[in-house]
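Okay, here's what each chain looks like letter by letter:
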Amino acid sequence: MNKKQKILASISLFLVLFSGAWYANDYNQRTIHSKGYDEIDNMRILQTDDHNIPVTTPFKPREYIRIGNRTIPAK
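Residues numbered from 1 in each chain as written. Predicted model: local features only at pLDDT ≥ 70, side-chain atom pairs only at ≥ 80, totals over all residues. Heavy atoms only, no water.

(A) Structural detail: the packing of aromatic side chains. One pass over the full model with this rule turns up three aromatic pairs. Between Phe14 and Phe18 the ring centres are 5.8 Å apart and the planes differ by 20°, which places this aromatic pair in the stacked class. Here the residue Phe14 and the residue Phe18 both occupy positions in helix H1 (residues 3–35), the gap between them amounting to four residues, near one helical turn. Through a chain of ring-to-ring contacts, three or more aromatic side chains come together here, namely Phe14, Phe18 and Trp22. (Phe/Tyr/Trp six-rings, centres within 6.5 Å; stacked < 30°, edge-to-face > 60°. Helix = DSSP H or I, 4+ residues; strand = E, 2+ residues; numbered from the N terminus.)

Take a look at the structure:
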């Protein structure tokens, strides 16, 4: 390949990738809008019982991992 062919190949590859990314972004935005995921009213917050959340303390110096009690979650 000579220099002109390499330049043409690199420019065409860049344009193909750029246009593909542009189309993918546009498709993603249309999908989000058509399914209604961009509306704030559709947001729900998972309610949990506070007594099931384990309380942890910060790591002590030179404590890199912490092995705690292995409990089975209540059904």
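(B) Representation of the pattern of salt bridges in the model. Applying the stated rule across the entire model yields one salt bridge. Between Asp26 and Arg30 there is a salt bridge whose closest N-O contact spans 3.4 Å. Placement of the pair is Asp26 and Arg30 together in helix H1, with a separation of four residues, close to one helical turn. By relative accessible area, which is 38% here, Asp26 ends up partly exposed. By relative accessible area, Arg30 is classed as partly exposed at 42%. (Salt bridge = Lys/Arg side-chain N within 4 Å of Asp/Glu carboxyl O. Buried < 20%, exposed > 50% of the residue type's maximum accessible area, 1.4 Å probe, protein only.)

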